[in-house]
Amino acid sequence: MAHPQIAAFARMADGDAKATRSIAGQNSLITRDIHDMAYNALTDEIVIPQARAQAIMTYRGGANGDEKPIRVINGPATQMTTPMRLGLDAVHKEVFVPSYRGDAILVFPSDGEGNLAPIRIIKGPDTQLGAAALTIDPVHNLLIVAGPRPARQQAERAGIGAGGGGEGGGGHILIFNRTDNGNVKPRAAIFGPKTKIGSNAQALITVNPSRQFILRGVPSDERASPNNFVGVWSENDNGDVPPRWMIGGPNQLLRQVRGITLVPKDKTVVISDKYVNVVMTYYFPEIF
């Protein structure tokens, strides 16, 4: 918050390590509202959402210091409002952005610039969105979404009035076809008490296409709870399915999970935690 930046560290860094470089400053247009990022290995570019500018900004992979983005998507035609998260499909050159309210997913060309209209929009009652975060499997052509379930659906499942939900059943993983557009039903919906997915909107998600494993961060509905974890599901799961593996869980280190990525070459999972203020690396060969 005091020094908004994108910081880079050595892969094997540990403890109170110094950043090897950082992108920050007035020209960079980076503010404290940078809640997500993606790296495009095919073009060597860093892509982030900029909530205050209603924008998607792209930097050189080797950017350092007060460096301008090389491309910016923003303007009224984009229909973006306070974008917090994004998903990058480097193979098909697309970037997916959940709306701030979570009721829509906007898709843009990742090499686009300026005041662009979305090339596709997923929105409508059949979609079952809540969308807080998303990821793309370009190998199997899937869009995978994490978020809270709409209040009406939570209430119907719980048999109570609107606003129900909570720990174990209030959140979901939705799986769509990558090219879906409009008011479409998901191919699969993973939710229910066995999933342990609460309704906390601070979701995060990534995927390992080679093994078709989905990793979803599950923050507790209670602030800084010791019940935070990262769960693993299959792209072939559907319904009330428990996680196959869990990182964290009761009384472990995770308190406010905010980021997750995979390093397949090293068979590791990298998780950031806002409350503990750390970046943790776990060796997890089972999912690779």
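Predicted, not measured: the structure shown is a model, and the values here were computed from it. (Residues numbered from 1 in each chain as written. Predicted model: local features only at pLDDT ≥ 70, side-chain atom pairs only at ≥ 80, totals over all residues. Heavy atoms only, no water.)

(A) Spatial organisation of the sheet that holds strand β21 (residues 278-283). The strand order across the open sheet built from three strands is β19-β20-β21, with neighbouring strands paired in antiparallel fashion. Strands at the two margins of the open sheet, each flanked by one partner only, are β19 (257-263) and β21. Going across the sheet, the axis of each strand differs from the next one's by a mean of 20°, ignoring polarity. Examined bridge by bridge, β19 and strand β20 (residues 268-273) share six bridges and lie antiparallel to one another. Across the sheet, residue I260 finds its bridge partner in β20, namely I271. (Pairing = 2+ DSSP bridges. Helix = DSSP H or I, 4+ residues; strand = E, 2+ residues; numbered from the N terminus. Axes fitted to C-alpha atoms, helices over the stretch in contact; angles between N-to-C directions.)

(B) Region of interest: the pattern of salt bridges. Throughout the structure, instances matching the rule amount to eight salt bridges. The structure contains a network of salt bridges with shared partners spanning D89, E94, R120 and R178. (Salt bridge = Lys/Arg side-chain N within 4 Å of Asp/Glu carboxyl O.)

(C) Examining the nonpolar core more closely. By size, the foremost hydrophobic cluster in this structure holds 18 residues, and its most contacted members are I144, I173, I175, I205, I214 and W233. Secondary structure elements with two or more residues in this core: β12 (142-148), β13 (171-177), β14 (188-190), β15 (204-208), β16 (213-218) and β17 (229-234). Ranked by the residues each element gives to this core, the list is headed by β12, at three residues. (Core = buried A, V, L, I, M, F, W, Y, C linked by side-chain atoms within 4.5 Å. Buried < 20%, exposed > 50% of the residue type's maximum accessible area, 1.4 Å probe, protein only.)

(D) Molecular detail of the packing of aromatic side chains. Across all of its chains, the model carries two aromatic pairs by this definition. Taken together, a centroid distance of 5.4 Å and an interplanar angle of 85° make the contact between F213 and W245 edge-to-face. Here F213, found in strand β16, pairs with W245, found in strand β18 (residues 245-248); they are 32 residues apart in sequence, far enough to count as distant. Taking 5.9 Å as the distance between ring centres and 85° as the angle between the ring planes, the aromatic pair formed by W245 and F284 counts as edge-to-face. In this pair, W245 is assigned in strand β18 and F284 in the segment after β21, connecting sequence segments 39 residues apart. We classify W245 as partly exposed; its relative accessible area is 31%. (Phe/Tyr/Trp six-rings, centres within 6.5 Å; stacked < 30°, edge-to-face > 60°.)

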